[in-house]
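Structural overview
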Amino acid sequence: MKWIQFFWTLIFINQIISFSISLFITEKKEKPIFNFAFFSIMLNNIFYFIALIIWIYFGFSRFNFELVKLYQHHHYLFNIEFFVDKVSMFFLLVGNLITLMIVYFSRFYMHRENGFKRFFNTILFFHLAYSLTSMAGNFITMFIGWEFLGVSSFLLIAFYRERYLPVRNAVKVFSVYRIGDIGFIMGIWAVNQIVHQNINFSIITLPEFVKYYLSEMPFVETLIALCFLIAAVVKSAQFPFTYWIARAMEGPTPSSAIFYGSLSIHMGLLLLLRTYYIWEELYFTRMLFSLIGLITIFISSTSARVQSGIKAQIAYSSAAQIGFMFIELSFGWTNLVLIHFVSNAFLRTYQLLTSPSVAAYLMRKQMYFSKYQKNNTSANFISFLSLNPRLQHSIYVLAQKEFNMDFYVNKYVFGTLKLVGKRLRFINVKSLLLLFIPILIAGWIIKLMAINIPFIKEEVLPMIMGIIALMITLRSYAERYSVVLSLYLIVISQLFVLLSVSFNEAYPFSSMLLYLSGIILGLIICSAILLYLQDKEPAYLDLNKYYGHIYEYRWLGFVFLSGILCMIGFPITPTFIGEDIILEHIHLHQFTLTFFIAFVYIISGIQGIRMYARIFLGPHIKQYHEVAIKSA
């Protein structure tokens, strides 16, 4: 067992070192960049296959082991932990082999691209995220990799950052990802509240776990299962969030293959496999899995048949296959799911990598060998189903519109958030100074002076502060004119979150400082950059359009993104650890408060990334730069 732990640790350390070193390699020459990326991935494959042979020799053992303990305070433990079993072995096998192929293919595909080095940096970062998620031994470690995947996804979709559509779709996909993160956060909170510790996956697989902790609380067990299901549905592009996978195809073909054709899109299945023993006996949840899978199969397969782009066709086909995997998982066929995952991942990778050649061949064939013929596409669309022609045409039109999933999600989810934020226009600088900051100060006085107000202090005040935090966050989300105001609204909402939880019980002062340190550091970095830009570019700085300042302020863009990630609680930052501690101090009966706080974190993250995208990405606002047309 120790040898397996040794080589798994080498895999993780090698990926961290490789990504860190790749950031400092000169971008003037392509060959050293490719050689370093290829060698590091090849080394990962060697470590993995040695560990695989040892694992098989010792009889397919299943065990957890701790890599490093990052923070501990009383009963709270924040550690990086790995889990060795057949699921992690399958996912690592596919991830290592496909990443190696993608890196080799990208050497020629990305030749002479301006972002050649940036592309390989992001691929190495993605591989680190994927491996960390696959090897994770507890929910916190898995969530770290989960968040890394979201950020690397945003960076790869927005790779052509001088164009409007890639940047817009990158923000849209990241926003949908964050909505799914609400389910993950709430699921982790519910599990930790029941067990009162950060449990690992080897404990969850024990039959005694569910019998002892969850069997007497069927409502809580169902809630946990549904929370993780929401996260899995969003991550794996299942109904009603299937539409985002076509939007994610704006990046280079290799990144589309590694992300949405083969690896990242299967992460929702990994989460459901890890929580299988929690929802195994919940037949309502299993029926819901099957229903979602069936609807996704129908929507994705019909949408794939009418797509004008070959990459979108393959993406929808992959989503349909994952719908089949959801059904297989609902029947408990976990081994079949793993085999299906491997075959689908390699097939979609092959299809996406060969898609440019296939498209070129078909165009030449049509041009030189085919005669123009009338073709009723809608009539042949689903002719194998013997349906009424009117019904066939209706399904055809719906498939072309992707069943309006994009419209309904934008209208009823993001549109509602924007509408509520606009209704809160009274939250401005004046009301902050005269109303909300005095409320914040009064709340901290009650907290620090230990003023005892039975029931109100324990039940009412936390909810009031949580609602105020959510209101301020929604106001920040709807802000389009003042970048600085939006930034400070995020910080003030985080202070209200901290205050709302501190009323529950004795909250360690060291944990407060840990939480605030990341927020303050990010605020200082972002404020300094915004002040500098306002001095240099006074006419080009709001949130109404994309300004593309990354052209002239490249390193400022990188530093600003780092500050935003630190402020919104990106994993491993002090804010992220502080957020996890905050959730630990919310009681099980305070479900609504947990939802409000999770929503604050999610909306703050979306707005932070949107601020970065609007200021630094997209077509440059100045006319003396080359600017792509908006539809490009």
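Being a predicted model, the structure only gives us computed values, none of them experimental. (Residues numbered from 1 in each chain as written. Predicted model: local features only at pLDDT ≥ 70, side-chain atom pairs only at ≥ 80, totals over all residues. Heavy atoms only, no water.)

1. As for the nonpolar core
One finds W8, F184, W244 and F560 to be the most contacted residues of the largest nonpolar core, which totals 223 residues. Sorting elements by how many residues they give to this core places helix α6 (residues 164-195) first, with 19 residues. With near-sequence residues (within four places) excluded, F560 lies in contact with C526, I529, L530, M611, Y612, I615 and F616. (Core = buried A, V, L, I, M, F, W, Y, C linked by side-chain atoms within 4.5 Å. Buried < 20%, exposed > 50% of the residue type's maximum accessible area, 1.4 Å probe, protein only. Helix = DSSP H or I, 4+ residues; strand = E, 2+ residues; numbered from the N terminus. Contact = heavy atoms within 4.5 Å.)

2. Things to note about the packing of aromatic side chains
This structure, assessed with the given rule, holds 52 aromatic pairs. Taken together, a centroid distance of 5.3 Å and an interplanar angle of 45° make the contact between F125 and F148 tilted. Note that F125 is positioned in helix α4 (residues 116-135) and F148 in helix α5 (residues 139-157), a separation of 23 residues in sequence. Like F148, F125 is buried. Summarising the aromatic geometry, the rings of F148 and F570 are spaced 5.1 Å apart at their centres and angled 35° between planes, so their arrangement reads as tilted. Taken together, the residues span a long stretch of sequence, with F148 in helix α5 and F570 in the loop between α24 (554-567) and α25 (574-584) at a distance of 422 residues. (Phe/Tyr/Trp six-rings, centres within 6.5 Å; stacked < 30°, edge-to-face > 60°.)

3. Quick look at unusual backbone geometry
At the junction of F239 and P240, the peptide bond is cis and its omega measures out at 5° in the coordinates. Mapped onto the fold, P240 is located in the loop between α9 (218-235) and α10 (244-247). A positive phi is found at R112, a non-glycine position, where the angle reads about 70°. When you line up the elements, R112 lands in the loop between α3 (86-109) and α4. The backbone of A237 sits at a positive phi, close to 55°, despite the residue not being glycine. Classification of A237 as buried rests on a relative accessible area of 0%.

4. Comments concerning α6
Helix length check: α6, at 32 residues, gives a terminal C-alpha distance of 47 Å against a target of 46 Å (1.5 Å per residue), a fit within 8%. In terms of burial, α6 is a largely internal element, 30 of the 32 residues being buried. (Expected span 1.5 Å × (residues − 1).)

5. Focus on the environment of M1
Relative to the helices and strands, M1 resides in the segment before α1 (2-22). Exposure remark for M1: the relative accessible area of 37% places this residue in the partly exposed category. The spatial distance from the C-alpha of M1 to the C-alpha of F143 is 25 Å, given a sequence separation of 142 residues. Once residues lying within four places of it in the same chain are set aside, the contact partners of M1 are F58, S61 and F63.

6. Things to note about α1
In this model α1 runs 30 Å from its N-terminal to its C-terminal C-alpha over 21 residues, within 8% of the 30 Å that 1.5 Å per residue would give. The complete set of buried residues in α1 reads I4, F7, W8, T9, I11, F12, N14, Q15, S18, F19 and S22.

7. Some thoughts on the environment of E81
Structurally, E81 can be placed in strand β2 (residues 76-84). Setting aside its immediate chain neighbours within four residues, E81 contacts N64, F65, E66, L67, M135, A136, G137, N138, T141 and N200. Within the structure, the side chain of E81 is placed 3.3 Å from the side chain of N200, a separation counted as a polar contact. (Polar contact = N/O pair within 3.5 Å; in protein donor to acceptor, adjacent residues only side chain to side chain.)

8. Concerning the pattern of salt bridges
What the rule picks out here adds up to 10 salt bridges. In this structure, D406 and K172 form a salt bridge, with 3.4 Å as the shortest nitrogen-oxygen distance. Of the two residues, D406 sits in helix α19 (residues 405-423) while K172 sits in helix α6, which places them 234 residues apart along the sequence. For D406, a relative accessible area of 14% corresponds to the buried category. Taking the relative accessible area as the measure of exposure, K172 reaches 15% and is therefore buried. For E479, the salt bridge goes to R475, with nearest N and O atoms at 2.8 Å. By sharing partners, the salt bridges in this structure join K172, R247, E402 and D406 into a single network. (Salt bridge = Lys/Arg side-chain N within 4 Å of Asp/Glu carboxyl O.)

9. Remarks on the packing of helix α23 (residues 509-536) against α25
Helix packing geometry: the angle between the two helix axes and the distance between the axes. Here α23 crosses α25 at 140°, and the two axes come no closer than 7 Å. In terms of orientation, α23 and α25 fall into the oblique class. In the packing of α23 onto α25, the handedness of the crossing is left-handed. In this structure, α23 contributes S511, L514, Y515, S517, G518 and I519 to the contact, and α25 contributes P574, T575, I577, G578, E579, I581 and I582. Residue composition of the contact of α23 with α25, grouped by class: seven nonpolar, five polar and one charged. (Axes fitted to C-alpha atoms, helices over the stretch in contact; angles between N-to-C directions. Parallel < 35°, antiparallel > 145°, perpendicular 65-115°, else oblique. Left-handed = near helix turned anticlockwise from the far one by under 90°. Nonpolar A, V, L, I, M, F, W, Y, C, P; charged D, E, K, R; others polar.)

Purely spatial values, then, with no claim about function.
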